[in-house]
Amino acid sequence: MKKGQVYEATVERVDFPNRGIARTGEGIVIVKNSLPGQRIKLGVSKVRNGKAEGRLLEVLEKSPLETDCPCSHFGVCGGCTYLPLSYEEQLRVKEAQVKSLLDTCLDRQGEPWSWEGIKGSPMPYEYRNKMEFSFGDEVKDGPLALGMHKRGSFYDVVTVEDCRIVDGDYRLILRTVLDYFAGYPFEKRITYYHRLRHKGYLRHLVVRKAARTGEILAALVTTSQDPWGSGQISSEEALMEGFLECLLALERDGRLQGHFAGIIHIVNDSQADVVHSDRMEILYGQDYFYEELLGLRFKVSLFSFFQTNTYGAEVLYETVREYVGDLGSRRQAGRPDKVVFDLYSGTGTIAQLMASAAGKVVGVEIVEEAVEAAVRNAEENGLENCEFIAGDVLKVLDGIQDKPDMIILDPPRDGIHPRALPKILAYGVERIVYISCKPTSLVRDLEVFLDNGYVVERASCVDQFPWTANIETIALLSNRKSKPDTHVKLSLSMDDYYRIKEEGKNNQ
């Protein structure tokens, strides 16, 4: 096969995260955004080391697994992958992806392990409790759009007013805000931020909604530039008053299911295309709301990390708690209760759920705001045995005096830093629960744990993100060594680690 050649093929399966495996007469081609069973036309875009990657040109025949797609934006918006499948079929696809990755890794561990399947989201639709919409245009110099980036594009934005993974309040707020800013006459139209030219005003609309209380936070993110792009300093006061009024009218007229806890204006002059706050003004209410999770209460601000699927998070955390099991107690021996380390603890949700079963829980998180939120939430819930430390796990572990009896790991997508792994392994704890939102990173780290005397006892996955390519995996590891080992065997060199990490980004 050569770059530029066009083939027809059938997609045999889809590997994590969205890599369709299509077989041609001359070999296998990986084609993203295809579905199992589809007959497709593809163009070869890359051939390297005997492996070919292709671009989906056309779906010639639908998969027998496809049903009617509930979203009019599917295939244009880059958010969802599996919407044309039934939810049951999507769960089967994701389960097979994770199981295949774990089989490849665990076949060599020498002990049987239990695969416990996949747990679905209690709400497959309208489950997200946070969305970051972008301002832009659907085509160059086209009318103002507000929504998600188009599939495969860094610049074009599609207005996702029919999005199925959020509820009607999100769709109504999006449409109302877009109509307000697009309603200005041509000569006074509001500009949006151009990523290449670094000019323009409107950047993002952030909406968060508490699943149980119905409280809503809405934030308009702009630059500090002139909204009209006239080069002259213009007052924003009337513009913000109109923005505030159009949102409050939704609640006043009874069109919202929820109610606003706060409406905020954020100024962000960073060149990076991320939601960031240089300056914040609360236009109405406050900049936080409260959410409930498994009997605990959490204060959630606009920038707090909180699982984006509230009901799915309960399934995930209940599974983690089951895997932790009964920690028991050592009080009878005159020593303190067992200590649990929650590494990469975020806002401390898992730590607080473990507090009732442990003598002490120590959470470590690099994001200081998340640690501050964890401390506040623990106080709100009356938990006195939780300690939260701000810092990088790699560095913080050297200064902690406590020694853990159990470790819970919930690292970011790229997994555990290879220099932190020896420090975690050196504790020699009997059990580790590893939670991963990227199973390829999990498998890479499991190789190191296996090389150092750990085995996987059981594993499962939870669909926190229906219709997307993402999945959460939980694994319970047991130590087959009798005592901590200060000489840790690393199966990857640093050069190999960063090479594999970069390959993972390219595959995404």
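Note that the structure is a prediction, hence the values are computed from the model and not measured.

With that settled, consider the overall build of the chain. Scanning the chain from N- to C-terminus turns up 10 helices and 22 strands. In terms of overall size, the chain behaves like a compact globule, its C-alpha atoms giving a radius of gyration of 25 Å where 508 residues would be expected to give roughly 23 Å. Projected onto its principal axes, the C-alpha coordinates of the chain cover approximately 75 × 65 × 40 Å. Counting only residues that meet the buried cut, the chain has 51% of its 508 residues in that class. Accessible surface for the chain amounts to roughly 23100 Å². Of this, 48% is attributable to carbon and sulfur atoms. Measuring between centres, the 63 positive side-chain charges of the chain sit 5 Å from its 75 negative side-chain charges.

Turning our eyes to something else, we now look at helix α2 (residues 168-182). For α2, with 15 residues, the first-to-last C-alpha span of 21 Å sits near the 21 Å given by 1.5 Å per residue. Among the residues of α2, those classed as buried are Asp-169, Tyr-170, Arg-171, Ile-173, Leu-174, Thr-176, Val-177, Leu-178, Tyr-180 and Phe-181. Looking at the buried positions of α2, the neighbouring elements they touch are β7 (130-137), β8 (144-149), β10 (202-209), β11 (215-222), α3 (237-252) and β12 (259-267).

Extensive coverage of strand β17 (residues 360-365) is indicated by the burial of 5 of its 6 residues. Two elements, strand β16 (residues 339-343) and β17, share 5 bridges in a ladder whose sense is parallel. Along β17, the bridge assignment pairs Leu-343 with Val-364. In this view, the connection linking β16 to its parallel neighbour β17 by way of helix α5 (residues 349-354) has right-handed handedness. In terms of handedness, the path from β17 via helix α6 (residues 368-380) over to strand β18 (residues 386-390) forms a crossover that is right-handed.

The next subject is the environment of Glu-457. Mapped onto the fold, Glu-457 is located in strand β21 (residues 454-462). Spatially, the C-alpha atom of Glu-457 lies 6.2 Å from that of Ser-114, the residues being 343 residues apart in sequence. Discounting residues that sit within four places of it in the chain, Glu-457 has contacts with Trp-113, Ser-114, Leu-476, Ser-478 and Arg-480. For Glu-457, the side chain forms a polar contact with the side chain of Ser-478, separated by 2.4 Å.

By way of backbone hydrogen bonds, the strands of a sheet pair with one another, either parallel or antiparallel. Taken in spatial order, the 5 strands line up as β1-β2-β3-β5-β4 and close into a barrel, and their pairing is mixed. The sheet shows a mean angle of 50° between the axes of neighbouring strands, direction not considered. With 5 bridges joining them, strand β1 (residues 6-15) and strand β4 (residues 39-48) adopt antiparallel strand pairing. Following the sheet pairing, Thr-10 is matched in β4 by Arg-39.

Glancing now at the packing of aromatic side chains. Counted according to the given criterion, the structure contains 12 aromatic pairs. Judged by centre distance (6.3 Å) and plane angle (70°), the rings of Trp-113 and Trp-115 are edge-to-face. Looking at Trp-113, the relative accessible area reads 18%, which means it is buried. Relative to Phe-181, the ring of Tyr-180 has its centre 4.9 Å away and its plane inclined at 70°; by these criteria the two rings are edge-to-face. Of the two residues, Tyr-180 and Phe-181, both sit in the buried class. The aromatic ring of Phe-74 is capped on one face by Arg-151, whose charged end is 5.5 Å from the ring centroid. Taking the ring centre of Tyr-193 as reference, the NZ or CZ of Arg-203 above it sits at 4.0 Å.

Take the sheet that holds β16 next. Ordered in space as β6-β21-β22-β20-β19-β16-β17-β18, the 8 strands form an open sheet in which the pairing is mixed. Two strands close off the open sheet at either side, each with one partner strand: β6 (114-119) and β18. Looking at each pair of strands side by side, their axes are set apart by 15° on average, direction ignored. The strands touched by helix α4 (residues 310-324) within the sheet are β6, β19 (406-409), β20 (431-436), β21 and β22 (472-479), with β21 carrying the most contacts at an inclination of about 160°.

Looking now at helix α1 (residues 87-106). Across its 20 residues, α1 extends 28 Å between first and last C-alpha, which sits within 8% of the 28 Å expected from 1.5 Å per residue. Those residues of α1 that sit buried are Tyr-87, Glu-89, Gln-90, Leu-91, Val-93, Lys-94, Gln-97, Val-98, Leu-102, Cys-105 and Leu-106. On its buried face, α1 is in contact with β1, β6, α9 (439-451), β21 and β22.

Attention now goes to the side chain of Thr-310. Within the secondary structure layout, Thr-310 lies in helix α4. The contact partners of Thr-310, leaving out residues within four places of it in the chain, are Tyr-127, Asn-129, Ala-211, Arg-212, Glu-291, Glu-292 and Leu-293.

Direction vectors running N to C along α1 and α9 enclose 20°, while the axes themselves pass 10 Å from each other. Taken together, the axes of α1 and α9 are roughly parallel relative to one another. When you trace α1 past α9, the crossing you get is right-handed. Side by side, α1 and α9 meet where Val-98, Leu-101, Leu-102, Cys-105 and Leu-106 of the first sit next to Pro-439, Thr-440, Leu-442, Val-443, Leu-446, Glu-447 and Leu-450 of the second. Class assignment of the residues belonging to the contact of α1 with α9 gives a composition of 10 nonpolar, 1 polar and 1 charged.

Here the focus is the pattern of salt bridges. Across all of its chains, the model carries 26 salt bridges by this definition. Between Glu-111 and Arg-480 there is a salt bridge, with the nearest N and O atoms lying 3.1 Å from each other. Taken together, the residues Glu-111 in the loop between α1 and β6 and Arg-480 in the loop between β22 and α10 (494-507) connect sequence positions 369 residues apart. Among the residues examined, Glu-111 registers a relative accessible area of 31% and is labelled partly exposed. With a shortest N-O distance of 3.7 Å, Arg-195 and Asp-273 are connected by a salt bridge. Of the two residues, Arg-195 sits in the loop between α2 and β10 while Asp-273 sits in the loop between β12 and β13 (279-285), which places them 78 residues apart along the sequence. Among the ionic contacts, a cluster of salt bridges with common partners joins Arg-108, Glu-447 and Asp-451.

Here the focus is the confidence of the model for the chain. When the pLDDT values of the chain are averaged, the result is 90; 92% of them are 70 or greater. Confidence over residues 330-336 falls short of pLDDT 50; this stretch has 6 contacts with residues more than four positions distant or in other chains.

What counts and how
Residues numbered from 1 in each chain as written. Predicted model: local features only at pLDDT ≥ 70, side-chain atom pairs only at ≥ 80, totals over all residues. Heavy atoms only, no water. Helix = DSSP H or I, 4+ residues; strand = E, 2+ residues; numbered from the N terminus. Rg over C-alpha atoms; globule rule 2.2 N^0.38 Å. Buried < 20%, exposed > 50% of the residue type's maximum accessible area, 1.4 Å probe, protein only. Areas by Shrake-Rupley, 256 points an atom, 1.4 Å probe, with all protein chains shown as cover. Lys, Arg positive; Asp, Glu negative; His and termini not counted. Charge placed at Lys NZ, Arg CZ, Asp CG, Glu CD. Expected span 1.5 Å × (residues − 1). Contact = heavy atoms within 4.5 Å. Pairing = 2+ DSSP bridges. Right-handed = clockwise from strand over helix to strand, strands pointing away. Polar contact = N/O pair within 3.5 Å; in protein donor to acceptor, adjacent residues only side chain to side chain. Axes fitted to C-alpha atoms, helices over the stretch in contact; angles between N-to-C directions. Phe/Tyr/Trp six-rings, centres within 6.5 Å; stacked < 30°, edge-to-face > 60°. Lys NZ or Arg CZ within 6 Å of the ring centre and 35° of its normal. Parallel < 35°, antiparallel > 145°, perpendicular 65-115°, else oblique. Left-handed = near helix turned anticlockwise from the far one by under 90°. Nonpolar A, V, L, I, M, F, W, Y, C, P; charged D, E, K, R; others polar. Salt bridge = Lys/Arg side-chain N within 4 Å of Asp/Glu carboxyl O. pLDDT = per-residue confidence, 0-100.

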